[in-house]
Amino acid sequence: QKEVEQDPGPLSVPEGAIVSLNCTYSNSAFQYFMWYRQYSRKGPELLMYTYSSGNKEDGRFTAQVDKSSKYISLFIRDSQPSDSATYLCAMIAGNQFYFGTGTSLTVIP
Amino acid sequence: EPEVTQTPSHQVTQMGQEVILRCVPISNHLYFYWYRQILGQKVEFLVSFYNNEISEKSEIFDDQFSVERPDGSNFTLKIRSTKLEDSAMYFCASSERYTGELFFGEGSRLTVL
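Residues numbered from 1 in each chain as written. Chains lettered and ligands numbered in written order. Predicted model: local features only at pLDDT ≥ 70, side-chain atom pairs only at ≥ 80, totals over all residues. Heavy atoms only, no water.

K.L.:
Looking at this structure, I do not really get unusual backbone geometry. What am I missing?
P.N.:
The omega torsion of the bond from G9 of chain A to P10 of chain A falls at 5°, within 30 degrees of zero and hence cis. The topology assignment puts P10 of chain A in the loop between β1 (4–6) and β2 (11–14). For the peptide bond that leads from T7 of chain B to P8 of chain B, omega is -10°, which places it in the cis range. Turning to its location among the elements, P8 of chain B is positioned in the loop between β1 (5–7) and β2 (10–13). For N52 of chain B, which is not glycine, the phi dihedral falls at a positive 65°. Of note, N52 of chain B is situated in the loop between β5 (43–50) and β6 (53–57). (Helix = DSSP H or I, 4+ residues; strand = E, 2+ residues; numbered from the N terminus.)

Quick look at the structure:
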């Protein structure tokens, strides 16, 4: 079983839609969770960082963590064409980061 | 805004040649990392570095790989004898603290012919 599971998509939504991206994990040692956005042939860009169960909001982005279910989500409200990218979840155990495979998102104008 | 910078952005090399990829982490960060991403695949951990020594490394990081912090600013990844399968995007990253946010550079694309 992979440490981190993420649906690779691709996911295609119309502009203005709410997007839900999800990751599940198996290792209870994961305590810190991040979401990254990666444009084609660019480095991952940190969007959200959280360490507790519950919701964290930043503008149009909301990160949700459910440690009891080992499940994290990223919601994007009012999606824009500029949100078209690959979204990676990442988790920390020790000081090693584990990444999901990434979900490819296209927002259609 | 502080950022991680990497050079070169793209390097083409012949199989068997040595390659050095360079990174300048964010200045007040203490933890440094190399990751790689083969085209279309996931980001894979290679190595983490703290206090002038390797703290963790993955199975990918074999004897052909080495890292160094030769001065107070640069962090390098050396591949001693490149193989075709080393072709990938190599990302340097840094963080301020042990479980801190990880900030990535733009990557160095390595093509081995």
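K.L.:
Sorry, what's going on with the packing of aromatic side chains here?
P.N.:
Think of a pair of aromatic rings as described by two things: how far the centres are apart, and how the planes are tilted against each other in angle. Overall, the coordinates contain 18 aromatic pairs over all chains when judged by the stated rule. Arranged with centres 5.8 Å apart and planes meeting at 70°, the rings of F99 of chain A and F104 of chain B form a pair that is edge-to-face. Taken together, the positions of F99 of chain A in strand β10 (residues 96–99) and F104 of chain B in strand β10 (residues 103–104) put the pair across two chains. With a relative accessible area of 3%, F99 of chain A lands in the buried category. Taking 5.6 Å as the distance between ring centres and 55° as the angle between the ring planes, the aromatic pair formed by Y35 of chain B and F104 of chain B counts as tilted. With Y35 of chain B in strand β4 (residues 31–37) and F104 of chain B in strand β10, this pair connects stretches of sequence that are 69 residues apart. Y35 of chain B sits in the buried class, given a relative accessible area of 0%. Here F104 of chain B falls in the buried class, since its relative accessible area comes to 10%. Put simply, the rings of Y36 and F99 of chain A together with Y33, Y35, F45, F91 and F104 of chain B touch in pairs and so form one group of aromatic residues. (Phe/Tyr/Trp six-rings, centres within 6.5 Å; stacked < 30°, edge-to-face > 60°. Buried < 20%, exposed > 50% of the residue type's maximum accessible area, 1.4 Å probe, protein only.)

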